[in-house]
Amino acid sequence: MKVFTKKELSLKSVVSCAILFIVILIGLLMIVSAYISKRNLVVTGYGEQTVRLAQTLASAIDPERFSKTIESGEQDEYWYEVKALLDRTINETGVMFIYTLLPGYNDTITYFATGDIIGDEWPVDFLQQDTIEWFPPELFYAMDTGTAASTGIYDADEFGILIGGFAPLFDSGGRLAGLVCVEINVSDVVETINTSMLMMILFALAVLSVCFVLAIFVANRGLVKPVNKMTETMSKVSDGDFNLEFPKSSIREIKALSESFGKMIQTLYVMTDEIKKRSQEIAKGHLTKSEDGFTAKGDFQKILDGVDETAENAAKYLDEVACGVILFDTDYRITFVNAYNRKLGYANLVGKKLSDAITNDAEDLMAKKLDEAALTGELAHYTVEILLPDGNILHSNQTMVALKDKTGETTAFMNVANDITEIVNTQAALAKQLKTINEGIRYASKIQMSIIPDNEKLERAFSDYSIIWKPRDVVGGDIYWAKNFDDGTVLCICDCTGHGTPGALLTMLVVSAFESTITEQSHKNTAEILYMLDKRLAAVLNVKTGKEEHTDINDGCDLAVLFIAKDGSVKFSSGNTNIFICDGKAVTRHRGQKIYVGEGKIKSVDKIKTISIPANLDNKFYIASDGLYDQIGGDEKIPYGYDEFERIILEKHNETHSEISDTMWQAFESYRGDNARRDDFELITFTPKIQ
């Protein structure tokens, strides 16, 4: 047989590695700390400068006059006045460029900009349009909150490394009318910091190298050499050589350890010598040699004979334990019943065989376990119901064990019983309660299934569709609802707070709100439907929206409302629900607005976007709840996300919706693996019918 051993490490290697690790760690902490401090100074200084400058400009611009100028589309006197103000500010402060924004809360914004960018004049077409995604997130924060904000350092590609500040423009009514944005190029400052950090790193490496060499020298001289010498000395001691001197060391702890080992060796030497003398005395006087070998005398004989009171002490102990104990001899005759069993009514069993002592259902099982323990010598466990003499039933968990002497011969059997009647009764009561609860949940599932729209409603709106609706706990907080009108169909996809029974109860309230809110008069206006549902649910849940009022209920739902017209066009408004559209060439993802329906916080219908999608035979729509995207799985145990979802949408575009949905579910389950489902799963895919 081959034996493989681990490679051993020397003390010198361990100490060297430890010192190197500590030195490197200290150096890295110093460098990182210095770098962060310098960078924070840049962000704080320039960030405050851009914000103050943006606020100064905002106070000098009349947003109402400026908006009229933009709307007119002509470069009037006020247009030149604003441009001159911005140009003068750039020349006096050295900032890179300044622009103003008129946010419309849609996919684009209108901006008016001036400044010097890479030597060229910024286009002065004051109705420039750009996608809103190009701007930093702090800009949207300033739009949403109406407060000034700074971006911090960010890389703007060809414009260099920038720091920006945003200040809001308010009209005479106190409403947000736009933003003033100031950008400063800090590329040179950052480059200077990076250069200085490189010099700092080189200097730190040189200093740390010197420290490392000195630390290794000191450790080797004061620790490694004495310990190695001590190890060598102890090896000789183990071979029986006591005439040794332990090494000296200048380190106090090593010196004390060396002196302690020296005293221990001296004591060991004395003890060894004493043992040799005692052995000689025993061999000469205390053990008598005969033909049968050595015979013990004196105190040795008492030890070999044992203590007479052992059996009596064991019986007293068994009477004190809080469980039933019965002893049997090898003929299965009862020799002892402890006090616990005697209290149960088994007082006159000693001397009787098992078959004569116990005449209820436990007899056969106990006899079987006695045979098993006798045959195998192992513990035999079993559970049994026992009819007590008083007529009550006792549930017990029992163990039968064979007792053996020193030679391994079985001399007796012991049966130990623990009363589990209370546990069994409690389990039965819980099982009954659980059955009642499960029956209620199953019935609740039937009720929830009844409010899901039937196929006829969906077939009026879709030429092809597929739905996967899988609550995590029989019932759930995901629900979908549809209602047909003469000119089209309204479809609502809803993910309520929570899952299980609480989520299911909330879906009932939401569906009731759908029925009363979505009428012949309002069904085509998806933004108005979303707004009205927010108000109605907030009222039903008794949500208070005052500054000093609050409620214990913080429930509501993520909700997408779609109107599928008979001509195949689709309009929708969405709160926290993504809607994907694929035409076979690309996948477009429409992100839901940060709106949680049911909190009553939507100020007006104007705050809700409505997206209109013209009829297109190639368009397929996909909507899923976050039970898909947030599921943990894969090798890295991270959320499923959107990438694989979009890949399947595009790759399987020419297949039926049922086939696409099956592929998505299989991919989801494969990714989830052994991880538990985190939430309800809801996936709706469809192609609008053009009638």
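Our structure is the block above this text.
What counts and what doesn't
Residues numbered from 1 in each chain as written. Predicted model: local features only at pLDDT ≥ 70, side-chain atom pairs only at ≥ 80, totals over all residues. Heavy atoms only, no water. Helix = DSSP H or I, 4+ residues; strand = E, 2+ residues; numbered from the N terminus. Buried < 20%, exposed > 50% of the residue type's maximum accessible area, 1.4 Å probe, protein only. Contact = heavy atoms within 4.5 Å. Areas by Shrake-Rupley, 256 points an atom, 1.4 Å probe, with all protein chains shown as cover. Pairing = 2+ DSSP bridges. Axes fitted to C-alpha atoms, helices over the stretch in contact; angles between N-to-C directions. 1 Å grid on protein atoms, 1.4 Å probe; cavity = no way out; pocket = protein on both sides within 12 Å on 5 of 7 lines; lining within 4 Å. Points joined across faces, edges and corners; volume = space filled by probe spheres on them. Nonpolar A, V, L, I, M, F, W, Y, C, P; charged D, E, K, R; others polar. Parallel < 35°, antiparallel > 145°, perpendicular 65-115°, else oblique. Left-handed = near helix turned anticlockwise from the far one by under 90°. Core = buried A, V, L, I, M, F, W, Y, C linked by side-chain atoms within 4.5 Å.

Trainee: Please provide a residue-by-residue account of the overall build of the protein, values included.
Mentor: Helices and strands together make up the secondary structure of the protein, namely 18 helices and 26 strands. Going through the 691 residues of the protein one by one, you find that 39% of them count as buried. Here the contacts in the protein between residues at least 6 apart in sequence split such that 60% fall between residues at least 24 apart. As presented, the protein carries roughly 40700 Å² of accessible surface, and 54% of it is formed by carbon and sulfur atoms.

Trainee: Which residues make up the sheet that holds strand 16 (residues 478-485), and what values go with them?
Mentor: The strand order 16-17-18-19-22 describes an open sheet built from five strands, whose pairing is antiparallel. Both edges of this open sheet fall to strand 16 and strand 22 (611-613), since each of them pairs with a single strand only. Direction aside, the axes of adjacent strands within the sheet are offset by 15° on average. Bridging between strand 19 (residues 570-575) and strand 22 involves three bridges; their strand directions are antiparallel. Among the inter-strand pairings, K571 is bridged to a residue of strand 22, identified as S612. Docked against the sheet, helix 15 (residues 526-540) engages strand 18 (557-565) and strand 19, running at close to 145° with respect to strand 18.

Trainee: Which residues make up empty space enclosed by the protein, and what are the values?
Mentor: The tally for this structure, following the rule as stated, stands at one cavity of 30 Å³ or more. The computed volume of the largest cavity comes to approximately 180 Å³. N341, Y346, I386, Q398 and A417 are the residues nearest the centre of the largest cavity, which is lined by 20 residues in total. Counting only elements with at least two residues in the lining of the largest cavity, the list comes to strand 10 (324-328), helix 9 (339-343), helix 11 (362-376), strand 13 (393-404) and strand 14 (410-419). With four residues, the top contributor of residues to the lining of the largest cavity is strand 14. Of the residues that constitute the lining of the largest cavity, the class distribution is 12 nonpolar, seven polar and one charged.

Trainee: Tell me about the packing of helix 14 (residues 500-517) against helix 15, and name the residues and values.
Mentor: Two numbers describe how helix 14 lies on helix 15: the axes approach to 10 Å, and their chain directions differ by 130°. In this view, helix 14 runs oblique relative to helix 15, as classed from their interaxial angle. Viewed along their axes, helix 14 and helix 15 form a crossing whose handedness is right-handed. Note on element contacts: helix 15 touches helix 14 through I529, M532, L533, R536, L537 and V540, opposite L509, V510, A513, F514, S516 and T517. Tallied by class, the residues present in the contact of helix 14 with helix 15 amount to nine nonpolar, two polar and one charged.

Trainee: Which residues make up the nonpolar core, and what are the values?
Mentor: Counting 53 residues, the largest nonpolar core has F514, L559, L562 and F686 as its most contacted members. Not counting residues within four places of it along the chain, the set of residues in contact with L562 comprises T489, V490, L491, I493, T526, V570, K571, F572, I579, I623 and F686. Formed by 21 residues, the second largest nonpolar core is a distinct cluster that contains L349, L354, A373 and A402.

Trainee: Give me the lowdown on the pairing of strand 12 (residues 380-387), citing residues and values where you can.
Mentor: Alternating residues of strand 12 divide into A380, Y382, V384 and I386, all buried, and H381, T383, E385 and L387, none buried. Here strand 12 runs beside strand 13; their pairing, made up of eight bridges, is antiparallel. In the strand pairing of strand 13, Y382 is matched with Q398. If you look at the hairpin formed by strand 12 and strand 13, you'll find five residues sitting between the two strands, and G391 has a positive phi there, around 95°.

Trainee: So what's going on with the sheet that holds strand 20 (residues 579-582)? Which residues, and what values?
Mentor: Here five strands make up an open sheet; going across it, the order is 15-26-23-20-21 and the pairing antiparallel. The open sheet has two free edges, formed respectively by strand 15 (462-470) and strand 21 (587-590), since each of these has just one partner strand. Taken pair by pair, the neighbouring strands of this sheet meet at an average axis angle of 15°, ignoring direction. As judged from the four bridges shared by strand 20 and strand 21, these two strands associate in the antiparallel manner. The residue bridging C582 from the neighbouring strand is V587, located in strand 21. Relative to the sheet, helix 17 (residues 643-651) contacts strand 20, strand 21, strand 23 (620-624) and strand 26 (681-688), its axis offset from that of strand 20 by approximately 30°.

Geometry only, nothing functional implied.
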